[in-house]
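One-letter residues, chain by chain:
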Amino acid sequence: EQSSHLIPALPPAYPYSVEPELQGCPPELSASIVRSHRETTQYRPEELQALRWKVFSREEIHAYQSKSVDEMWQHCAVRLTDAVQYVVEFAKRIPGFRQLGQNDQIALLKSGSMEVVLVRMSRMFNTENNTVFFDGKFAGTELFKSLACGDLIAAVFDFAHNLCALRLTEQQMAVFTALVLLNADRPCLEDRERVQRARRDVELALSHILHRDNQESLLHKLYQRVQVLKSLCALHIEKLRWFRQLYPLTVHSLFPPLYKELFG
Ligand code: CLR
């Protein structure tokens, strides 16, 4: 067994148990994933809807822009790690994920949690003014100026905008994010077969939902988004390498250990 900052979050096994005879039954699996999603999002859709008018003032934006590069990176790394923790909580409640060995759970989270954070970002996005709910209010790309990685921020916002435009229901998003996590092509998996089987069940659940919603054309669009996710995560890692070269001590002593484990 490997050591990981994810381990405290993984056991004990979540008390929900899906009856074995219902496993692989798409509606039951969807229901379970949707419940896991609902219980592990930072904000409910109604809350976000009610907060839509809350945008940062010019002064507040200026305060973020006046932070030093390393200060703003550290701030964002902490926020991002918070969001990842919710994704870990989501993952461990997904039937099929929690039955995997701990090493495989860790491997899937290492490579997939950022992707799920970015998919979840679209729930927090307002396409009317291109802002995302961050730190308690809606923020545009300019707020992140002092990170000095405008290309990453622009690409992430663009992704959120496009995904938001698909207008996924919470159920569709829940099952899609489970699918993003259960990827048998990730590096370092011990039991790929088992991940592949769990993935097939979730794929079936997603097709079932899209069929029921009469939105089968979404499937192809969602698979297209997965390619973009991969490139965004690669860009994030590249930016972190650049930042670490400039500010090795900030990363070493001030970044959350989980952030470093996942991306460092
Ligand atoms: C994603 C959805 C979560 C809430 C949340 C918190 C932090 C946000 C994140 C969302 C989206 C991506 C985000 C991040 C903070 C910094 C990060 C805006 C909205 C950008 C892409 C910068 C990444 C690089 C830093 C580590 C420097 O429920």
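Residues numbered from 1 in each chain as written. Predicted model: local features only at pLDDT ≥ 70, side-chain atom pairs only at ≥ 80, totals over all residues. Heavy atoms only, no water.

**Q** Help me understand the site of the ligand, please; the structure alone is not making it clear to me.
**A** If you check the shell around the ligand, you find 18 residues, and the closest are Q42, W73, M121, M124 and Y259. Between an oxygen atom of the ligand and a side-chain N or O atom of Q42, the distance comes to 2.6 Å. Elements represented by at least two residues in the shell around the ligand include exactly α4 (69-92), α5 (102-121), β2 (131-134) and α6 (150-165). Top contributing element to the shell around the ligand by residue count: α4, with 5 residues. (Near = heavy atom within 4 Å. Polar contact = N/O pair within 3.5 Å; in protein donor to acceptor, adjacent residues only side chain to side chain. Helix = DSSP H or I, 4+ residues; strand = E, 2+ residues; numbered from the N terminus.)

**Q** Help me out: how do you make sense of the packing of aromatic side chains in this one?
**A** What describes a pair of aromatic rings is the distance from one ring centre to the other and the angle between the planes of the rings. Taken as a whole and assessed by the stated rule, the structure comprises 13 aromatic pairs. Centre to centre, the rings of F144 and F157 are 6.1 Å apart; their planes meet at 65°, and the pair counts as edge-to-face. Here F144, found in the loop between β3 (137-139) and α6, pairs with F157, found in helix α6; they are 13 residues apart in sequence, far enough to count as distant. Since its relative accessible area comes to 8%, F144 is described here as buried. The interplanar angle of 15° and the centroid separation of 5.6 Å between the aromatic rings of F243 and F255 together place this pair among those described as stacked. Of the two residues, F243 sits in helix α9 (residues 218-246) while F255 sits in the loop between α10 (248-254) and α11 (257-263), which places them 12 residues apart along the sequence. As far as the burial class goes, F243 and F255 line up, both buried. Each member of the aromatic cluster is reached from another via a ring pair, and the members are W73, W242, F243, Y247, F255, Y259 and F263. The positively charged end of R120 is found above the aromatic ring belonging to F90, 5.2 Å away from the centroid. (Phe/Tyr/Trp six-rings, centres within 6.5 Å; stacked < 30°, edge-to-face > 60°. Buried < 20%, exposed > 50% of the residue type's maximum accessible area, 1.4 Å probe, protein only. Lys NZ or Arg CZ within 6 Å of the ring centre and 35° of its normal.)

**Q** Explain the side chain of R186 here, please?
**A** Along the chain, the position of R186 falls in the loop between α7 (170-181) and α8 (192-212). Given the relative accessible area of 7%, R186 is considered buried. Polar contacts involving the side chain of R186 include one to the main-chain carbonyl oxygen of V180, which spans 3.1 Å. Setting aside anything within four residues of it in sequence, one finds R186 in contact with L108, S111, G112, E115, V180 and R192. (Contact = heavy atoms within 4.5 Å.)

**Q** In this structure, what is going on with the state of the cysteines? I would like to understand it.
**A** A disulfide bridge is the covalent bond that connects two cysteines by way of their sulfur atoms. Counting across every chain of the model gives 0 disulfides. Unpaired in this structure, C188 has its nearest cysteine sulfur neighbour in C233, at a distance of 16 Å. Of the cysteine sulfurs around C233, a residue in no disulfide, the closest is that of C149, at 14 Å. The exposure class assigned to C233 is buried, which follows from its relative accessible area of 12%. (Disulfide = S-S within 2.5 Å.)

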